[in-house]
Amino acid sequence: MTSIENAVGPSAWFKVERGVFKAGGRWTIAESAGLDRDLRALDPGPAKAITMDASGIERLDSTGAWLLLRTRRAMEATGRTVEALKVPERYAALLKNLEQDDKPEDRPRLPRMSPWRYRLYRIGKATVSAGQQGWRMLGYLGRVTVETGEMIMAPRKNLRFAAMVNQVEETGISALPIVGLLSFLIGVVIAYQGITQLQKFGAQMLTMDGLGIITLREMGVLMTSIIIAGRSGSAFTAHIGTMRVNQEIDAMQTMGLNTVDTLILPRIIGLVIALPLLTLYADIMGLIGGAVMCYFDLGISIPAFMRELQQALSVKALMVGLVKAPVFAFVIALVGCYEGFQVERNAASVGLLTTRSVVESVFLVIVLDAAFSVMFSVLGV
Amino acid sequence: MADNNGNKKDVIIKIRGLVTGFGPKIVHDHLDLDVYRGEVLGLVGGSGSGKSVLLRTIIGLNKPREGSIEVFGARTGYAEGSRMRALEVRWGILFQEGALFSSQTVAENIQVPLREYTTMSQELMDEIAAMKIALVGLPPDTAGKMPSELSGGMKKRAGLARALALDPELLFLDEPTSGLDPISANQFDELIAELQQSLGLTVFMVTHDLDSLSAVTDRIAVLVDKKIKTGTIAELRKDQTPWIHEYFSGPRGHAALANRN
C-alpha cells in the first residue's frame, strides 16, 4: 500500500496510510488555500473503508472544519465508507454545528449559459430595457406637461416660488464663473482658428463675422447647455436619488405632497429661466474672448471690432441661439429629475443613474440642436 | 477560555485612561475596561452616552484624545497601516445595519476579506461563502442575492457571515438585535451564543436589549457618567448608581430578568 505524504505548508498536514486519513497541525484559514489544493488532488488509494483521524489537530476553525467535512463527503461520493471522523474534544461542537447547518444538496445550482446565448440574452435585455426606458420617459413627460398646465391655470395654489428662485440661484448664478470662463476660452479658440485659416485667403477680416455667427447661433447655447447638463442635471439626479434612498420621497408622498409640484416643477421652471440668461451671458463672454484674440493677433481695436460685428450680425442670430435655450433647459431638467426618481434604494444606484442622466441629457441636447438646424434651414431662418 | 475561579485571565482588549470627545464635549473621561478571552461582554448605556463612540474608538475608526487601547496586546488608535491590518484580520465587526456592500451579492460580500487576505481559489471561496451563509442560518439561495433584496434581519445575518469570513477570534457587534422582532432577536441571540461556543469567540457587544443581555452575556459593562462599571447582572442589580438601578430594576429590566429565571 502506498503512503502519500503531503507537504502542505509549514503548519498543517495530512496523509493517507492504510485506509487511515490522518491530519494534524493548524487547520485554519491561514493554511486553507494550500490545504484546499492538496485535498482536491488527494487520492485515498484502493481502500474501501477509511477512518478519518484528525485528533492531531492543534487548532481548528470553521474553514478548516469545512475542509475536513468536504474531504469526507468527497470520499463518500467515490463509493468509500468513512467510518469515523475524530477531532479533539473541544472542536466536536464546531464540527457538529457545521454538519447540521451546511448540507451541500441544498445549494442551488446556477444555470450556466453558453457565451453565444449569453451575448444574445444581453442584447435582447438591453433592447427591451431601452424600449421600456423610452416608454416610461414619454409617460413622465406627459405627467409633467399636465401638471405644468394645471399649475399655469391655478398658479397661486401650486407654484413654490421660493424653491424656484433657489433653483435659479443654484443653477444660474453659481454657474456664472465656470460658464463665463469656458465661453471666453471658446471665443479665443474660435477666433484663433478663424484668423489662421482665413489669413490664407487674405480674408482675416471675415473672422469676426464667423465668430459672431458661430457664437450666437450655436456655440453659446450648446456649451452652456452641456456645462449645465453636467453641473445641474447631475445634481438633480443625485439629490432626488439620495432623497429616495433615505425614504424622504416616500415620506413626502404619504403626507400628500405632490412630488411633481415640490421637486420637479421648481427645478424645471428654475432652469428654464436660468439657462437663457446664462446663454446670453455666455454669448457676451465668447465675443469678448474673440475680441481679445483679434486685438492681439490682428491688431483690431475693440471699437473697430464692435463696428465690424454690428455690420455682420443681426438680432436674428442672437434670437436663433436664445430660442433653443429654454427647450434644452426643459430637457436637461426633465431627464435629471426623471433619473433621480428611478434610483433604487442602494448607494451604487445613485452613481449609475447620475451618469446616465448626464449622458442622456447631453445626447438629447445635441440631437435637438441638430433638429433645430434642420428646422431653421427648412424655414430659411 | 475565561474562568471564574480567580485565576489569571487572558486579556484581549485592555483600555486604560481613555479620553474621547468632540469639540468641547467630553464623551469618555479616563475610562478603563478589560475584555477577557472567550467571554461575551455586553456594553450598555443611555442613548448618547458614547457606546458606539467607544466601539468605533476600539476598532480605530475614531482617534482617542488620551489613554491607550490594546487589542491582542497591540495598541490601536495609534497603530500604523500594516500593524492595523494585522489586527483587522483577527477581528470581525457587525455594523448596525449590516453595512453590506450594496453593489455586490451576499456571497461576494463574504468573499471580500477572503479575496483580500488569502490566496484561495474561487471554488473554495464559493464553498466557504456557502458554508458561512449556512452557519448564520440563512437559506442557501441568499448567496446570489443583492443586499437590497434582503430584510433587516437577513442583512444582519449576512453582515455576521461577512464578519466571520476570516474566522476571527474577536467579534464586535453593534446593536445586533435592534430593529428585529422579538422572535428573530431571540434566534439571533441563540445564534451568537452557539457560534461563540463552537468557534471559541470573544464577543464585544453593544446592545440595548435586556433580553439578549441576560441570554448571551457573561459580563456587562455599563457606560454611565463617562466611565464604565462592569459586573454580572446579579452584581449590577445591587448597584445603587441611579441610572444602573433604574435600568435593571425598571419594568423592562424586571420582565427580562424574570424570563431568565
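Residues numbered from 1 in each chain as written. Chains lettered and ligands numbered in written order. Predicted model: local features only at pLDDT ≥ 70, side-chain atom pairs only at ≥ 80, totals over all residues.

Caption draft 1: Fine view of the overall build of chain A. The helix and strand tally for chain A stands at 13 helices and five strands. Burial analysis of chain A (381 residues in total) assigns 34% to the buried set. Residue pairs in contact within chain A that sit at least 24 positions apart in sequence constitute 82% of those at least 6 positions apart. (Helix = DSSP H or I, 4+ residues; strand = E, 2+ residues; numbered from the N terminus. Buried ≥ 20, exposed ≤ 12 C-beta atoms within 10 Å, placed from the backbone. Contact = placed C-beta atoms within 7 Å.)

Caption draft 2: A look at the overall build of chain B. Each helix and strand in chain B was counted, giving ten helices and ten strands. For chain B, with 261 residues in total, the buried portion stands at 44%. Relative to all contacts within chain B whose residues are 6 or more apart in sequence, the contacts with residues 24 or more apart total 64%.

Caption draft 3: Quick peek at the sheet that holds strand β2 (residues 25–36) of chain B. Residues and elements named next belong to chain B. Across the sheet, four strands lie side by side as β2-β1-β4-β5; this open sheet has antiparallel pairing. Strands with a single pairing partner mark the edges of an open sheet, and in this sheet they are β2 and β5 (74–75). Note that strand β4 (residues 66–71) and β5 share two bridges and pair antiparallel. Within β5, the position partnered with Glu70 by the bridge is Arg75. Where helix α1 (residues 51–58) meets the sheet, its contacts fall on β1 (11–22), β2 and β4, and the angle it forms with β1 comes to roughly 120°. (Pairing = 2+ DSSP bridges. Axes fitted to C-alpha atoms, helices over the stretch in contact; angles between N-to-C directions.)

Caption draft 4: The pairing of strand β10 (residues 227–231) of chain B, seen in detail. Residues and elements named next belong to chain B. Bridging between strand β9 (residues 219–224) and β10 involves five bridges; their strand directions are antiparallel. Counted as the bridge partner of Leu223 is Ile228 from β10. Between β9 and β10, which pair antiparallel in sequence order, lie two residues; one of them, Asp225, sits at a positive phi of approximately 55°.

Caption draft 5: Representation of helix α9 (residues 242–249) of chain B. Residues and elements named next belong to chain B. Residues of α9 that are buried include every one of Ile244, Tyr247 and Phe248, and no others. Down the axis of α9, the buried side of the element spans an arc of 85°, and every buried residue falls inside it. With respect to the buried face of α9, the exposed residues turned more than 90 degrees away are Pro242 and Glu246. (Arc of directions from axis to C-beta.)

Caption draft 6: Spatial organisation of the interface of chain A and chain B. Listed as interface residues are 25 residues of chain A and, on the opposing side, 24 residues of chain B. Counting residues per element, the side of chain A that touches chain B draws most heavily on helix α3 (residues 92–101) of chain A, which supplies five residues. Residues that form the side of chain A that touches chain B fall into these classes: ten nonpolar, six polar and nine charged. (Nonpolar A, V, L, I, M, F, W, Y, C, P; charged D, E, K, R; others polar.)

Caption draft 7: Region of the structure containing the sheet that holds β9 of chain B. Residues and elements named next belong to chain B. Taken together, six strands build an open sheet; the order of strands is β6-β7-β8-β3-β9-β10 and the sheet is mixed. The open sheet has two edge strands with one neighbour each: β6 (91–94) and β10. Neighbour-to-neighbour, the strand axes of the sheet open up by a mean angle of 15°, direction not taken into account. Where β6 and strand β7 (residues 170–174) come together, four bridges link them in parallel fashion. Residue pairing for β7: Leu94 is matched across the bridge by Leu173.

Caption draft 8: Spotlight on the confidence of the model for chain B. Residues and elements named next belong to chain B. Averaged over all residues, the pLDDT of chain B is 82; the fraction at 70 or higher stands at 92%. The secondary structure element of chain B with the lowest average pLDDT is helix α10 (residues 251–260), at 67, and the one with the highest is strand β8 (residues 202–206), at 90. Segment residues 1–7: pLDDT under 50, and eight contacts once partners within four positions in sequence are set aside and those in other chains are kept. In the predicted complex, the global pTM is 0.66; the interface-specific ipTM is 0.73. (pLDDT = per-residue confidence, 0-100.)

Caption draft 9: Representation of unusual backbone geometry in the model. All names here are of chain B. With a phi close to 50°, Asp167 is a non-glycine residue in the positive phi region. You can see Asp167 is positioned in the loop between α5 (152–163) and β7. A residue is classified by how many C-beta atoms lie within 10 Å of it, and Asp167, with 22 of them, is buried. The phi angle at Glu175 is positive, at roughly 45°, despite the residue not being glycine. Note on placement: Glu175 falls in the loop between β7 and α6 (182–199).

Caption draft 10: Quick peek at the nonpolar core. Residue and element names in this part refer to chain B. The biggest cluster of nonpolar side chains holds 97 residues, and the ones touching the most others in it are Leu43, Ile133, Phe172, Val203 and Phe204. In terms of residue count, the dominant contributor to this core is helix α4 (residues 122–135) (nine residues). Setting aside residues up to four positions removed in sequence, Phe172 forms contacts with Leu55, Ile59, Trp91, Ile93, Leu94 and Phe204. (Core = buried A, V, L, I, M, F, W, Y, C linked by C-beta atoms within 7 Å.)

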